[in-house]
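Chain residues, written in single-letter form:
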Amino acid sequence: MPENGKQFKPLDPLLHSELRLAVMSILLEVDSADFVYLKAETGATSGNLSVQIDKLQHAGYIEVTKGFKGKMPQTVCSITDCGRDAFAAYVDALRSYIPGR
Amino acid sequence: MKEMENNLTAENSLRLIAETIDRSRRTIARNSGRPLILWGVLVAVTATVIWALWSKTGSAAWNFLWFAMSAIGAVCMHLLMRSSEKVPETEVSRMLGKIWMWFGLFSTGFFALVWAAWGIRCAIGIEGPLSVDLTLIIVLLMGLCGTLSGAVLKFKPITVSSVVATTLSVLFLMVMPSGSPLRILSFVILGIFALVVPGVILQNQTKR
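Keep in mind the model is a prediction, meaning the values are calculated, not measured. (Residues numbered from 1 in each chain as written. Chains lettered and ligands numbered in written order. Predicted model: local features only at pLDDT ≥ 70, side-chain atom pairs only at ≥ 80, totals over all residues.)

Asks: I keep staring at the overall build of chain A and nothing clicks. Help me out?
Replies: Secondary structure summary: chain A contains four helices and three strands in total. For chain A, the succession of helices and strands along the chain, N to C, is α-β-α-α-β-β-α. Viewed in the frame of its principal axes, chain A has a C-alpha envelope of about 60 × 25 × 20 Å. Taken over 101 residues, chain A has a buried fraction of 30%. Considering only residue pairs separated by 6 or more positions, chain A has 55% of its internal contacts joining residues 24 or more positions apart. (Helix = DSSP H or I, 4+ residues; strand = E, 2+ residues; numbered from the N terminus. Buried ≥ 20, exposed ≤ 12 C-beta atoms within 10 Å, placed from the backbone. Contact = placed C-beta atoms within 7 Å.)

Given below as structure tokens:
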């Protein structure tokens, strides 16, 4: 417990990862984003990004739609209401770790 | 600083969120700069061509070239969107699209109404100038849409340059004699200062 008696709130382990947090931060601002955009914005490798997207999808934080754009396969991700709530709770929990907040 | 698992501190996590959101916003904003430049150049060039032809021939019918400009602009926009990096749609980009779509519809509608009114007056034999200043209406509409775009993008240079360009254009229209082809040059001021200049600033300021 911190000196001022304030409790540290538990952090969602699923969001407490650099890449997953970056993906969620991007999706929070847009209607949806495709895999290519997420890869460019996060600078992640395709393999790592795929794994993290799967984890977020299985938690119900994002929705993933696989389809085609022309002849090219396209993966489109969008944040769910559950993901939005989890993100808000995570940011709220983070604040409890910062003195003076 | 409280260390947490995964080597991410609370401060680092919050910084990562803020930086990622900011970077993504910049990427999306950068793509809004190019259409501004495209339409600004088209408006300025079309206005100059119409002024030159109207002055030479004395016919205001050259104003129909605005429709040709719209068609050329639509084709150029299509090509620009195809060659630009693909960015996701946001509430801001959707709102910008709607603002300029309504500007296009309103100005085309006004233009058509004025020509229809002119035709009716000629048909029933009413003489004298129309009591509607179409150029002033479109200049004001364009200035308002530019100012709103700046407000939506939260990008002050667009808001400021739109207000300045509209003021200069309206002043120019008030000084120029009614019915003079010179009045069409108010669109050159608007095209350059309300569209091209903010478009260039937007592109430069949002470069990675």
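So, next bit.
Asks: In this structure, what is going on with the sheet that holds strand S3 (residues 72-79) of chain A? I would like to understand it.
Replies: Paired through backbone hydrogen bonds, the strands of a sheet run either parallel or antiparallel to each other. Residues and elements named next belong to chain A. Pairing is antiparallel in the open sheet, where three strands are placed in the order S1-S3-S2. Two strands close off the open sheet at either side, each with one partner strand: strand S1 (33-34) and strand S2 (62-69). By the bridge criterion, two bridges tie S1 to S3 in an arrangement that is antiparallel. Across the sheet, the residue bridging to Asp 34 is Val 76, located in S3. Strands in contact with helix H1 (residues 18-29) are S1, S2 and S3; relative to S3, the strand with the most contacts, it is inclined by about 80 degrees. (Pairing = 2+ DSSP bridges. Axes fitted to C-alpha atoms, helices over the stretch in contact; angles between N-to-C directions.)

Asks: How should the interface of chain A and chain B be read in this particular structure?
Replies: Where interface size is given, it is often the accessible area lost as the parts come together that is meant. Taken together, the contacts link 19 residues of chain A with 22 residues of chain B. Of all elements in the fold, only H1 and helix H2 (35-42) of chain A reach the threshold of two or more residues within the side of chain A that touches chain B. Ranked by residues supplied to the side of chain A that touches chain B, first place goes to H1(A) with six residues. Of the residues that constitute the side of chain A that touches chain B, the class distribution is 11 nonpolar, four polar and four charged. (Nonpolar A, V, L, I, M, F, W, Y, C, P; charged D, E, K, R; others polar.)

Asks: Would you take a moment to explain helix H5 (residues 156-175) of chain B for this structure?
Replies: Since the α-helix turns once every 3.6 residues, residues separated by three or four places project in the same direction. Residue and element names in this part refer to chain B. The terminal C-alpha atoms of H5 lie 29 Å apart, and with 20 residues this matches the ideal 28 Å at 1.5 Å per residue to within 8%. When H5 is considered as a whole, its buried residues turn out to be Ile 158, Ser 161, Ser 162, Ala 165, Thr 166, Ser 169 and Leu 173. The buried residues of H5 occupy an angular sector of 135 degrees when the element is viewed end-on, so they sit on one face. Looking at H5, the residues exposed on the side facing more than 90 degrees away from the buried face are Lys 156, Leu 171, Met 174 and Val 175. (Expected span 1.5 Å × (residues − 1). Arc of directions from axis to C-beta.)

Asks: What is the right way to look at the nonpolar core in this model?
Replies: Nonpolar side chains tend toward joint burial in soluble globular proteins. Within the largest apolar cluster, 56 residues are counted, with the highest numbers of intra-cluster contacts made by A:Val23, A:Met24, A:Leu27 and B:Leu190. Here the element with the most residues in this core is helix H1 (residues 10-57) of chain B; it accounts for 11 residues. If sequence neighbours within four positions are ignored, A:Leu27 has contacts with A:Ala33, A:Ile62, A:Cys77, A:Ser78 and A:Ile79. (Core = buried A, V, L, I, M, F, W, Y, C linked by C-beta atoms within 7 Å.)

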